Amino acid sequence: MTAAKGGEPFPAVDKCDASRLGAHSTVASDLDGTLLRSRSAFPYYALVAFETGGVPRLALLLLLAPLAAALYHLASEAAGVRVLIFAATAGARVADIESAARAVLPRFYAADVHPAAWRVFAACGRRRLVVTATPRVMAEPFLREQLGADAVAGTELATWRGRATGWVDARRGVLVGERKAQALREMVGDGDVPDVGLGDRRSDYAFMNLCKEAYLVPETPAEAVRADKLRKRIVFHDGRLVQRPTPIVALLTVVWFPVGLLLSLARVAAVALLPMPWLHLAFSALGVRVVVRGAPPPRAGRAEGRTGVLFACCHRTLLDAVFLSVALRRPVATVTYSLSRLSELLAPIRTVRLTRDRAADAATIRSLLAEGDLAVCPEGTTCREPFLLRFSALFAELTDDIVPVAVECRMGMFHGTTARGWKGMDPFYFFMNPRPVYTVTFLDRLPAELTCGGGGKSSHEVANHVQKLIASTLSYECTGFTRRDKYQALAGNDGVSSL
């Protein structure tokens, strides 16, 4: 192969004509700096560190990161990777690392895909192979699900009794240089070589030389591939960190955490102790912004013999009903599926558990509506991305007095929801954000002709209509996903909390 300009042994990936590749083509690629724009894997180790060991492990990773960088540049790439692996995984349960790789890392990986490398990688339909120094357990779920990789070879972690020791498997070591080439030989077998190789650094040359043709991904700024252009969009993800934890973001997180925890305790105390009409002012004083849009309906008059209004809300955090009550300046009861005992204890509003028995739940909701207004979240669980899950139709069967409510929240540092962790910490993490914002938008009450009783509509038609109204208001996308889909994808269970 002719050397590229600048003395590089391979041409830039922009020179590859992907149109001639297809179902007959096999590609082998590196990950960091190749399929991903970032050449540094620190943010992904930081995510694993925080998810498996919280702030102490993240602080350890930050302390050892300069040593890793020095070894990487002055000694060897493998030595630097070993330090990062030790800091992020030593003593962690392998199941926790696998869980973070499945539920947390893909969202951050997907936001960092290099467009030029993806163009070539996606064009090859026979086999897509990835060889990377990143631990295989961290990268494989994303590479297979979102990028369609057929096989992944990465550094293997050494384990003992279900926990990572912090070392790497001595039989293969860190997958760099010639070790990548050997891994690729094992993946393709004798007499078969990939049609295209993709890499970004000198240590990739060994496996790239095995390919019929190879290209380098240059270290130049490029806009990440749009999420809808990947093989599979990410609807569900977990983890507490909102931003990609670069070294600066990780440092700010560690420094802010104790301050944020104290602030969170003060905010939670205000929620639990102050009368509802005072909470709007208290939140303003404590840095929590509440934005109210639309015209909130007045409380139903008991003398009129009416039942309460049913507020049908989209579900962003378990605090949705609390902020709805703050917007109305009065407490509104709500129904829940698996709220933690701690959250029930601290809630400033009445919370009633549903049983997933349709007849029993219908009786419970009718009883609550007879007593006054009620907030329900027909999705049954939260979703972080701009999607609405399928709305359960039960609420539409029980009343025609329905007010759709579009709820949004903005968190800059920590997510206030979890599928894998303890839900009792959800409100504390939400209130640990420096300046969280909740926006509550009241839509028009459903006209009688669009309800079950007044218009003869089916409950599913009403539920779908309410879902579309809220989605249109928020510029979200409606989906048919359910609570079960989310928890099976992220936690491998049905999302029942017993705490």
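Keep in mind that what you see is a predicted model, and the values were worked out from it rather than measured.

Peer 1: Explain the side chain of R267 to me, please; I cannot follow it from the model alone.
Peer 2: Looking at the element boundaries, R267 is found in helix α10 (residues 247–273). Despite its burial, R267 pairs with no opposite charge; the closest candidate is D426, at 15 Å N-O. A polar contact of 3.0 Å, which involves the side chain of R267, links it to the backbone oxygen of P434.

Peer 1: Explain the state of the cysteines to me, please; I cannot follow it from the model alone.
Peer 2: Disulfide: a covalent bond formed between the sulfur atoms of two cysteine residues. Taken as a whole, this structure holds zero disulfides when the rule is applied. Cysteine C313 remains unbridged, with the sulfur of C377 as its closest cysteine sulfur at 5.1 Å. Residue C313 is classed as buried on the basis of its relative accessible area of 1%. Cysteine C452 is unpaired, with the sulfur of C478 as its nearest cysteine sulfur at 18 Å.

Peer 1: Please explain the pattern of salt bridges as it appears in this structure.
Peer 2: Pairing between side chains becomes possible if they bear opposite charge and their charged atoms approach one another. Inspection of the entire model under this criterion finds 31 salt bridges. A salt bridge links E344 to R353, with the nearest nitrogen and oxygen atoms 2.7 Å apart. The exposure class of E344 is partly exposed, given its relative accessible area of 21%. Overall, R353 belongs to the partly exposed group, its relative accessible area being 25%.

Peer 1: Quick question: what am I supposed to make of the nonpolar core here?
Peer 2: Considering soluble globular proteins, one finds that nonpolar side chains tend to be buried as a cluster. Formed by 84 residues in total, the largest nonpolar core has its most connected members in Y45, Y109, M138, L143 and L147. No other element matches the 14 residues that helix α2 (residues 42–74) contributes to this core. Aside from chain neighbours lying at most four places away, what touches Y45 is L61, V81, L84, I85, A88, A133, T134, P135 and M138. If you look at the next biggest cluster of nonpolar residues, it comprises 65 residues, including M276, L279, A321 and V466.

Peer 1: I would appreciate a short explanation of the sheet that holds strand β12 (residues 374–376) in the present structure.
Peer 2: Neighbouring strands of a sheet are bound in pairs by backbone hydrogen bonds; such pairs are parallel or else antiparallel. Spatially, seven strands are ordered β8-β15-β14-β9-β12-β10-β11 in an open sheet, and the strand pairing comes out mixed. In the strand order of this sheet, the two ends are held by β8 (289–294) and β11 (351–353), each with one partner. This sheet shows a mean twist of 25° between the axes of neighbouring strands, independent of strand direction. Bridge count between strand β9 (residues 310–313) and strand β14 (residues 402–410): four bridges; the pairing is parallel. Residue pairing for β14: F311 is matched across the bridge by V403.

Conventions used here
Residues numbered from 1 in each chain as written. Predicted model: local features only at pLDDT ≥ 70, side-chain atom pairs only at ≥ 80, totals over all residues. Heavy atoms only, no water. Helix = DSSP H or I, 4+ residues; strand = E, 2+ residues; numbered from the N terminus. Buried < 20%, exposed > 50% of the residue type's maximum accessible area, 1.4 Å probe, protein only. Lys, Arg positive; Asp, Glu negative; His and termini not counted. Salt bridge = Lys/Arg side-chain N within 4 Å of Asp/Glu carboxyl O. Polar contact = N/O pair within 3.5 Å; in protein donor to acceptor, adjacent residues only side chain to side chain. Disulfide = S-S within 2.5 Å. Core = buried A, V, L, I, M, F, W, Y, C linked by side-chain atoms within 4.5 Å. Contact = heavy atoms within 4.5 Å. Pairing = 2+ DSSP bridges. Axes fitted to C-alpha atoms, helices over the stretch in contact; angles between N-to-C directions.

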